[in-house]
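If you want the building blocks of each chain, they are given just below.
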Amino acid sequence: MLSKANRVALPSDFRLAVRRGRRFTAPHCVVHIVNNERSQGVRFGFIVSKAVGNAVVRNRVRRRLRAAAAQLLPHVQSNVDIVVRALAGSEQAECTTLQAEIAEGIDRIVVKV
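What this report covers is the structure whose coordinates are included nearby. (Residues numbered from 1 in each chain as written. Predicted model: local features only at pLDDT ≥ 70, side-chain atom pairs only at ≥ 80, totals over all residues. Heavy atoms only, no water.)

1. A short note on the overall build of the protein chain
The cut-off we apply is this: Each helix is a run of DSSP H or I of at least 4 residues and each strand a run of E of at least 2, with the numbering of both proceeding from the N terminus. Only C-alpha atoms enter the radius of gyration, while the globule expectation follows 2.2 Å times N to the 0.38, with N the number of residues. Here the term buried applies to any residue with accessible area under 20% of the maximum for its type, exposed to any over 50%, and partly exposed to those in between, with areas from a 1.4 Å probe on protein chains only. Two residues qualify as a contact provided that any one of their heavy atoms is within 4.5 Å of a heavy atom in the partner residue. Here the Shrake-Rupley method, with its probe set to 1.4 Å, supplies the accessible areas, and only the displayed protein chains count as covering residues.
Counting its secondary structure elements, the protein chain contains 3 helices and 4 strands. Written out in order from the N terminus, the α and β elements of the protein chain read α-β-β-β-α-β-α. Taking 13 Å as the expected radius of gyration for a compact globule of 113 residues, we find that the protein chain reaches 13 Å, a close match to that expectation. In the protein chain, buried positions account for 42% of the 113 residues. Contacts in the protein chain between residues far apart in sequence, at least 24 positions, make up 82% of those at least 6 positions apart. Of the roughly 6400 Å² of accessible surface on the protein chain, a fraction of 50% belongs to carbon and sulfur atoms.

Here it is, written out as structure tokens:
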């Protein structure tokens, strides 16, 4: 589980990451990453729209994304906000697949920033 310090909570922070951050598109998700000097450490946020499915399915996908982010948290070294947007079809993806896609996005973007 992600601690409160590792979660993006404010709508303005979500908007900043989506609008100004760098983006990596994978088959099941889009990863947005933006530098954030105001926060200490890495923060994750998740966007799961109704295109993914009903409330039960969306919450299941969100739990999978949170579990994947918790596994990746120790491997990210800089102060960044990472917002993951689940795409339609992500409800059929396994947790390991989602984790690999998020990790690939982090590797490609954080190195460039």
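Picking up where we left off.
2. Notes on the packing of aromatic side chains
The cut-off we apply is this: When two rings of Phe, Tyr or Trp (its six-membered ring) have centres within 6.5 Å they constitute a pair, described as stacked for plane angles under 30 degrees, edge-to-face for angles over 60, and tilted for the intermediate range.
Tallied over the entire structure, the rule returns 1 aromatic pair. For the ring pair Phe44 and Phe46, a centre distance of 6.4 Å and an interplane angle of 10° mean the geometry is stacked. Classification of Phe44 by relative accessible area gives buried; the value is 1%. Residue classification places Phe46 among the buried residues on the basis of a relative accessible area of 15%.

3. As for the nonpolar core
Rules: For the purposes of this section, nonpolar cores are sets of buried Ala, Val, Leu, Ile, Met, Phe, Trp, Tyr and Cys residues that join through side-chain atoms within 4.5 Å.
Formed by 28 residues in total, the largest nonpolar core has its most connected members in Phe44, Leu65, Ile82, Ile102 and Ile106. Put simply, the parts of the chain that give this core at least two residues each are β2 (29-35), β3 (43-48), α2 (55-72), β4 (80-86) and α3 (95-112). With 6 residues, the single largest contributor to this core is α2. If near-sequence neighbours (up to four positions away) are discounted, Ile82 is found in contact with Val31, His32, Ile33, Val42, Arg43, Phe44, Gly45 and Ile106.

4. Here we look at the sheet that holds β4
Applicable threshold: What makes two strands pair is DSSP finding at least two bridges between them. The angle between two axes is taken between their N-to-C directions and runs from 0 to 180 degrees, where each axis is a line fitted to C-alpha atoms and a helix contributes only its stretch in contact.
Taken in spatial order, the 4 strands of this open sheet run β1-β2-β4-β3, and their pairing is mixed. The sheet is open, and its two borders are formed by β1 (22-25) and β3, each paired with just one other strand. Here the strands of the sheet are splayed against their neighbours by 20° on average, with no regard to which way each runs. Sheet strands touched by α2: β3 and β4. Its angle to β3, the strand with the most contacts, is close to 160°.

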